[in-house]
Amino acid sequence: MIPNGFARQSTEIAIRNLTKQAVSYSIKTSHANPTSKKMRIEAGELERFSDGSSLIISFKSQGQTTTYRLDPGMAYSFRINEDGELELYEGSHSRTDAPDLAPYVPTPMVVVDKMLEMANVTKTDILYDLGCGDGRIVITAAKKYGTRGVGIDLEPERIKESNAYAKQAGVEDLVEFRLQDVMKSDISEATVVTLYLLPESNALLRPILEEQLKEGARVVSHNYHMPDWQAREIGYAEVTSGDGEMHTIFVYKK
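Residues numbered from 1 in each chain as written. Predicted model: local features only at pLDDT ≥ 70, side-chain atom pairs only at ≥ 80, totals over all residues. Heavy atoms only, no water.

Enquirer: What am I meant to see in the overall build of the chain here?
Expert: When its secondary structure is counted, the chain shows four helices and 15 strands. Projected onto its principal axes, the C-alpha positions of the chain cover 65 × 40 × 35 Å. Looking at the chain residue by residue over its 254 residues, the buried ones come to 50%. Across the chain, every contact between residues at least 6 apart in sequence was considered, and the portion connecting residues at least 24 apart equals 64%. Surface accessibility of the chain: about 12,500 Å² in total, with carbon and sulfur atoms responsible for 47%. Charge separation in the chain, taken as the distance between the mean sites of 29 positive and 37 negative side-chain charges, equals 1 Å. (Helix = DSSP H or I, 4+ residues; strand = E, 2+ residues; numbered from the N terminus. Buried < 20%, exposed > 50% of the residue type's maximum accessible area, 1.4 Å probe, protein only. Contact = heavy atoms within 4.5 Å. Areas by Shrake-Rupley, 256 points an atom, 1.4 Å probe, with all protein chains shown as cover. Lys, Arg positive; Asp, Glu negative; His and termini not counted. Charge placed at Lys NZ, Arg CZ, Asp CG, Glu CD.)

Enquirer: What is the right way to look at the packing of aromatic side chains in this model?
Expert: Describing an aromatic ring pair means giving the distance of the ring centres and the angle of the ring planes. Taken as a whole and judged by the stated rule, the model has five aromatic pairs. Centre to centre, the rings of W229 and Y252 are 5.6 Å apart; their planes meet at 65°, and the pair counts as edge-to-face. Of this pair, W229 sits in the loop between β13 (218-222) and β14 (233-240) while Y252 sits in strand β15 (residues 246-253), and the two are 23 residues apart along the sequence. Taking the relative accessible area as the measure of exposure, W229 reaches 1% and is therefore buried. Judged by its relative accessible area of 1%, Y252 falls in the buried class. Among the aromatic residues, those joined into a ring-pair cluster are Y25, F59, Y68 and F78. The ring of Y89 has R79 sitting right over it, with the charged end atom 4.2 Å from the ring centre. The residue whose ring lies beneath R158 is Y104, and the NZ or CZ to ring-centre distance is 4.3 Å. (Phe/Tyr/Trp six-rings, centres within 6.5 Å; stacked < 30°, edge-to-face > 60°. Lys NZ or Arg CZ within 6 Å of the ring centre and 35° of its normal.)

Enquirer: Help me understand the sheet that holds strand β3 (residues 37-41), please; the structure alone is not making it clear to me.
Expert: Note on sheets: strands pair through backbone hydrogen bonds, and any given pair is parallel or antiparallel. With antiparallel pairing, four strands are arranged side by side in an open sheet as β3-β2-β5-β6. Because the sheet does not close on itself, it has two edges, and the strands there are β3 and β6 (64-70). With strand direction ignored, the average angle separating the axes of adjacent strands in the sheet is 30°. (Pairing = 2+ DSSP bridges. Axes fitted to C-alpha atoms, helices over the stretch in contact; angles between N-to-C directions.)

Enquirer: Quick question: what am I supposed to make of the sheet that holds β15 here?
Expert: Overall, mixed pairing links the seven strands, which are arranged β11-β10-β9-β12-β13-β15-β14 in an open sheet. Two strands lie at the open edges of the sheet, namely β11 (175-179) and β14, each paired on one side alone. Averaged over all pairs of adjacent strands, the angle between their axes in this sheet comes to 15°, without regard to strand direction. With seven bridges connecting them, β14 and β15 associate as antiparallel partners. Following the sheet pairing, E233 is matched in β15 by Y252. Strands in contact with helix α1 (residues 109-118) are β9 (126-130), β12 (192-195), β13, β14 and β15; relative to β14, the strand with the most contacts, it is inclined by about 160°.

Enquirer: Explanation requested: the pattern of salt bridges in the structure shown.
Expert: Any two side chains of opposite charge can pair, so long as their charged atoms come close to each other. Inspection of the entire model under this criterion finds twelve salt bridges. For E176, the salt bridge goes to R178, with nearest N and O atoms at 3.0 Å. Of the residues examined, E176 reaches a relative accessible area of 37% and is grouped as partly exposed. A residue is classified by how much of its surface remains accessible, and R178, at 19% relative accessible area, is buried. Overlapping salt bridges bring together R206, E210 and D228 as one network. (Salt bridge = Lys/Arg side-chain N within 4 Å of Asp/Glu carboxyl O.)

Enquirer: Please explain the environment of H247 as it appears in this structure.
Expert: Mapping H247 onto the fold places it in strand β15. What makes H247 buried here is its relative accessible area of 3%. A sequence separation of 131 residues divides H247 from L116, and the C-alpha atoms of the two residues are 15 Å apart. When sequence neighbours within four positions are dropped, the list of residues in contact with H247 reads P108, V111, H222, N223, A237, E238, V239 and S241.

Enquirer: Which parts of the structure should I look at to understand the nonpolar core?
Expert: For soluble globular proteins, the rule of thumb is that nonpolar side chains tend to be buried together. Residues L116, V121, L127, V175, F177 and I249 are the most contacted members of the largest nonpolar core, which totals 25 residues. Residue contacts for F177: discarding those within four places in its chain leaves C132, G135, V138, I139, G151, I159, S162, N163 and A166. (Core = buried A, V, L, I, M, F, W, Y, C linked by side-chain atoms within 4.5 Å.)

Enquirer: Can you walk me through the side chain of E87 in this structure?
Expert: Relative to the assigned elements, E87 resides in strand β8 (residues 86-90). Although buried, E87 forms no salt bridge, and the nearest oppositely charged side chain, R79, lies 4.4 Å from it. Within the structure, the side chain of E87 is placed 2.9 Å from the side chain of Y89, a separation counted as a polar contact. (Polar contact = N/O pair within 3.5 Å; in protein donor to acceptor, adjacent residues only side chain to side chain.)

Enquirer: I'm lost on the environment of S50 in this one. Help?
Expert: In this fold, S50 is placed in the loop between β4 (46-49) and β5 (55-61). For the pair S50 and A14, spaced 36 residues apart in the sequence, the C-alpha separation amounts to 8.6 Å.

Here it is, written out as structure tokens:
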């Protein structure tokens, strides 16, 4: 599955291997081209293709051959899904300046409200939303509970949107949006952290949360659990959004 949501910033194609083993694949310039180049990418490595052309990639997963078209200016990554299958995702961790922790997919408002409710957010909290998108979680917490908040995102357009929405909601004095790499951000003042990231991103962030957050801080994750934090889980809920899709919410306490 290749989800949408990442803006094209160059003509380079980037692929990162997020699995724990080498991945073999083949590349060619079109479906009609009979000649393909066999490639192998080691675990954690980043491969770049900079000729500006679309490419056709093929690889095997569970004995079946999967084929995708790779477009110029896009970043992709190999990862293993929850069923143990090799997949290629768009955007995840393939930027060269900082890791993309998830595609931009806004959290439905019914889920936002439930996340804040389950975290018992109050006006004495400081909420950090890591990968804040359009800022809706931080803004809703400020408007509904008077909570001070910080949203962090890599995309300038998302930060611009967040600031505009905060002003529209009349909460710009309570919130701040930072154009930063979450992996390099100081989140130590947070009493509540909200996340809607990919599973491997939660795994990357877990050591940072463990190191920086104070005892008693709550972490609320939309759809994906925090690996190896079962003992810290204090809440779980399933919420159905307006389109009928089921969403899960995990709440942890440091």
